[in-house]
Amino acid sequence: MSLARLALTPLRLRGPLLAKPLPAASLVSGYRFNNTAPGLSGKPMGGHALHFKIERYFAAAMLPLFPAAYFVHGPVMDALLTAAVALHTHWGIVAVMNDYGRPIVIGETAARLAIPFAYVLSILLLAGLLHFNINDVGLTKAFEMFYSL
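The name that an unreviewed UniProt entry assigns to the protein chain is Succinate dehydrogenase [ubiquinone] cytochrome b small subunit, with the source organism given as Panagrolaimus davidi. Recorded in UniProt under Function (unreviewed entry), the annotation for the protein chain is "Membrane-anchoring subunit of succinate dehydrogenase (SDH) that is involved in complex II of the mitochondrial electron transport chain and is responsible for transferring electrons from succinate to ubiquinone (coenzyme Q)." Turning to the protein chain, the UniProt record has this under Subcellular location (unreviewed entry): "Mitochondrion inner membrane".

This part covers the packing of helix α5 (residues 75-100) against helix α8 (residues 139-147). Between α5 and α8, the shortest axis-to-axis distance is 7 Å and the interhelical angle comes to 90 degrees. Comparing their axes, α8 and α5 come out roughly perpendicular. Here α5 contributes Met77, Asp78, Leu81 and Thr82 to the contact with α8, which in turn contributes Leu139, Thr140 and Phe143. Class assignment of the residues belonging to the contact of α5 with α8 gives a composition of four nonpolar, two polar and one charged.

Further remarks concern the UniProt feature "binding site: heme b" (unreviewed entry) in the protein chain. Per the UniProt entry, the sites bearing "binding site: heme b" (unreviewed entry) are His88 in this numbering. Looking at the element boundaries, histidine 88 is found in helix α5. On the basis of relative accessibility, which here comes to 35%, the residue histidine 88 falls in the partly exposed class. Setting aside chain neighbours within four positions, we find histidine 88 in contact with Phe58, Ala59 and Met62.

Following the UniProt record, the feature "binding site: a ubiquinone" (unreviewed entry) maps to Tyr100 here. Secondary-structure assignment places tyrosine 100 in helix α5. On the accessibility criterion, tyrosine 100 (55% relative accessible area) is exposed. Setting aside anything within four residues of it in sequence, one finds tyrosine 100 in contact with Val105 and Ile106.

Cut-offs applied
- Residues numbered from 1 in each chain as written.
- Predicted model: local features only at pLDDT ≥ 70, side-chain atom pairs only at ≥ 80, totals over all residues.
- Heavy atoms only, no water.
- UniProt positions renumbered as here; feature names shortened; annotations may be inferred.
- Axes fitted to C-alpha atoms, helices over the stretch in contact; angles between N-to-C directions.
- Helix = DSSP H or I, 4+ residues; strand = E, 2+ residues; numbered from the N terminus.
- Parallel < 35°, antiparallel > 145°, perpendicular 65-115°, else oblique.
- Contact = heavy atoms within 4.5 Å.
- Nonpolar A, V, L, I, M, F, W, Y, C, P; charged D, E, K, R; others polar.
- Buried < 20%, exposed > 50% of the residue type's maximum accessible area, 1.4 Å probe, protein only.

Pasting the structure below:
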């Protein structure tokens, strides 16, 4: 047994009344929150867990891409870098919109427009990066020019 588990064992609340959440405790200003933690029952959590895992693997795979982009120039590396940056940024923007774009935080109308706005931002980012790659020096050459200052 780990040292942290031994230290935290006395802090765990036990008893028949504490095992079940109170109905009034999960009701705040008319909104009901889920009190159960996903994944504790041993059942698969569904598509969200797979998506989270793919995001983490993708972010880890991007780590060697940036140093490689400094040394390898060309349209293939520009396209890889553009796709990676655009997809990673899209996932981040959508995550922020899902977390903070709730009706209780920003209002009903703005909450309905938050996710479409995230997609518009992502499409504009991808279009801008592709335009820069095609009609200008490209991302890898731009990085080289920036760091040579």
